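Structure assessment
So the chains spell out like this:
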Amino acid sequence: MTITLNSVIKKLLLLFLVIAGLYFGKVFLMPLCFGAVLATLFLPLSNWLQHRKIPKFITVIFCLLTIILVVGGLVSLFGWKISGLIKDVELLKQRAIDTGIQLQTYIFNRFGVSAEEQLQILKKEQPSYANLMQSMAGSVSSFFGNLILVYIYFIFLLYYRNHIKQFLLRLSTEKNKAEMEQIIQSTTKVSQQYLLGLLKMIACLWIMYGIGFSILGVEDAIFFAILCGFLEIVPYVGNITGTLLTVFVAALHGAELSMLGGIVVVYGIVQTIQGWLLEPIILGPQVKINPLFTIFALVIGQLIWGVSGIILAIPLTAILKIIFDHIEPLKPYGFLVGEIESDEAEPGFAEKIKNKILSVRKK
């Protein structure tokens, strides 16, 4: 088969239109995707409750209340800690002043810009308080508006799941219905398994960070362990952000360099264990995407939908791969996105550990 310039242009144009549609449809599509992913996570619970003769509407409301309790608990935890940090505002203010004076002195000695000139530059560059407050109010209102939409989509997608499934089956021809059924089951399963695997990963990170920070004597070690683990929902960037916040707050409270260095060492050890052991065992079987396209998905997700795009990038890419694998013209793209097939018969370290664990379970 010869690849013509015309076919390449058509494919690139289609890709551009898809990305543009995702970008301009962010307000509608982003809450819908969150609602759909959460609905797949609670699908087994809803089915289990329905098998116990509980009405479907009651099961959906129970699942919704579970989500609200979890989200409310996390918001309360972080709000409580933030309020605790605000109580130390005088300490933070004094350290900020000391840091500002040191920075002003450095700029004066290095560039010859006096403190008065630096203040004049800052006044010109800084946004007005009115604009800042308006931006914060807009962000908060947008967050809660999207959260309400996520809950609404979650309710209706979970309630009408069989109706939507029948619609998708009716779109298929008679000979392709079995394959469509398999696609629906596989996409639902991969989303469930990824989210469950992510929850297991976060729990393991809580334990490891909690032990490490407690040994170092970090103030509020458990809270910062929970923060670093929870930010795992943003791959790669989340753990780094949580660690930097831990270092920053510890430094503001007068931690010594040995403790700050210890926090970074704990981060490195946890990341090594996570990357070489936990991810292959917990997430490896669920998400069959190679690291290169994982990075691509995260970058494109951030460009299109921001932080929400980073969170949704992995499960949506895994779902797309399943669809590619079941459609003949798209199978090469599924192969490209998928894991690299190795000819080596010898399993890796993580694979050996996983096989060992599975053998112990069987016994």
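One can find the structure itself at the top, above this paragraph.
What you are looking at is a predicted structure, and each value in this text was computed from that prediction instead of being measured.

Take the side chain of Thr40 next. Topologically, Thr40 is positioned in helix H2 (residues 26-51). Its relative accessible area of 16% is what places Thr40 among the buried residues. Excluding residues within four positions of it along the chain, Thr40 makes contact with Thr188, Ser191 and Gln192.

The next subject is the nonpolar core. Residues Leu205, Tyr209, Phe213, Val218, Phe224, Ile263 and Val270 are the most contacted members of the largest nonpolar core, which totals 24 residues. Every element with two or more residues in this core is listed here: helix H8 (177-216), helix H9 (221-230), helix H10 (237-252) and helix H11 (257-283). Top element by residues in this core is H11. It accounts for seven residues. When neighbours within four sequence positions are excluded, Tyr209 is seen to be in contact with Ala225, Cys228, Gly229, Asn239, Thr243, Val266, Tyr267, Val270 and Gln271. In this structure, Met30, Tyr194, Val234 and Leu312 belong to the second largest nonpolar core, which totals 16 residues.

Within the element layout of this structure, Arg161 appears in helix H7 (residues 161-171). Buried charge without a salt bridge: Arg161, with Glu181 as the nearest opposite-charge side chain at an N-O distance of 12 Å. Within the local environment of Arg161, its side chain forms a polar contact with the side chain of Asn47, the two groups lying 3.0 Å apart. A polar atom in the side chain of Arg161 sits 2.4 Å from the side chain of Gln50. When sequence neighbours within four positions are dropped, the list of residues in contact with Arg161 reads Leu43, Ser46, Asn47 and Gln50.

Running from N to C, helix H1 (residues 5-24) and helix H12 (residues 291-305) cross one another at 50°; their axes reach a closest spacing of 8 Å. Here H1 is positioned oblique relative to H12, judged by the angle of their axes. In this structure, H1 uses Ile19, Leu22 and Tyr23 to contact H12, whose residues at the interface are Leu303, Ile304 and Trp305. Class assignment of the residues belonging to the contact of H1 with H12 gives a composition of six nonpolar, no polar and no charged.

This paragraph deals with a nonpolar patch on the surface. Together, Ile54, Phe57, Ile58, Ile148, Ile152, Phe156, Tyr159, Tyr160 and Ile164 give the surface a local cluster of nonpolar side chains, amounting to about 810 Å² of exposed area. For the nonpolar patch, the secondary-structure elements that each account for two or more residues are helix H3 (56-87) and helix H6 (129-159). With four residues, H6 is the largest single contributor of residues to the nonpolar patch. Structurally, Phe57 is set in helix H3.

Attention now goes to H9. Across the ten residues of H9, seven count as buried, placing the element largely inside the fold. Of all the positions in H9, only Ala221, Phe223, Phe224, Ala225, Leu227, Cys228 and Gly229 are classed as buried.

Summed over all chains, the structure comprises nine aromatic pairs. A ring pair is formed by Tyr159 and Tyr160, whose centres lie 5.0 Å apart and whose planes are at 85°; its orientation type is edge-to-face. Exposure remark for Tyr160: the relative accessible area of 39% places this residue in the partly exposed category. Linked through ring pairs, Phe156, Tyr159 and Tyr160 together constitute an aromatic cluster. Over the ring of Tyr159 we find Lys56; its NZ or CZ atom is 5.2 Å from the centre of that ring.

Thresholds applied
- Residues numbered from 1 in each chain as written.
- Predicted model: local features only at pLDDT ≥ 70, side-chain atom pairs only at ≥ 80, totals over all residues.
- Heavy atoms only, no water.
- Helix = DSSP H or I, 4+ residues; strand = E, 2+ residues; numbered from the N terminus.
- Buried < 20%, exposed > 50% of the residue type's maximum accessible area, 1.4 Å probe, protein only.
- Contact = heavy atoms within 4.5 Å.
- Core = buried A, V, L, I, M, F, W, Y, C linked by side-chain atoms within 4.5 Å.
- Lys, Arg positive; Asp, Glu negative; His and termini not counted.
- Salt bridge = Lys/Arg side-chain N within 4 Å of Asp/Glu carboxyl O.
- Polar contact = N/O pair within 3.5 Å; in protein donor to acceptor, adjacent residues only side chain to side chain.
- Axes fitted to C-alpha atoms, helices over the stretch in contact; angles between N-to-C directions.
- Parallel < 35°, antiparallel > 145°, perpendicular 65-115°, else oblique.
- Nonpolar A, V, L, I, M, F, W, Y, C, P; charged D, E, K, R; others polar.
- Patch = residues over 30% accessible without salt bridge, like charges linked within 9 Å, V, L, I, M, F, W, Y side chains within 5 Å.
- Areas by Shrake-Rupley, 256 points an atom, 1.4 Å probe, with all protein chains shown as cover.
- Phe/Tyr/Trp six-rings, centres within 6.5 Å; stacked < 30°, edge-to-face > 60°.
- Lys NZ or Arg CZ within 6 Å of the ring centre and 35° of its normal.

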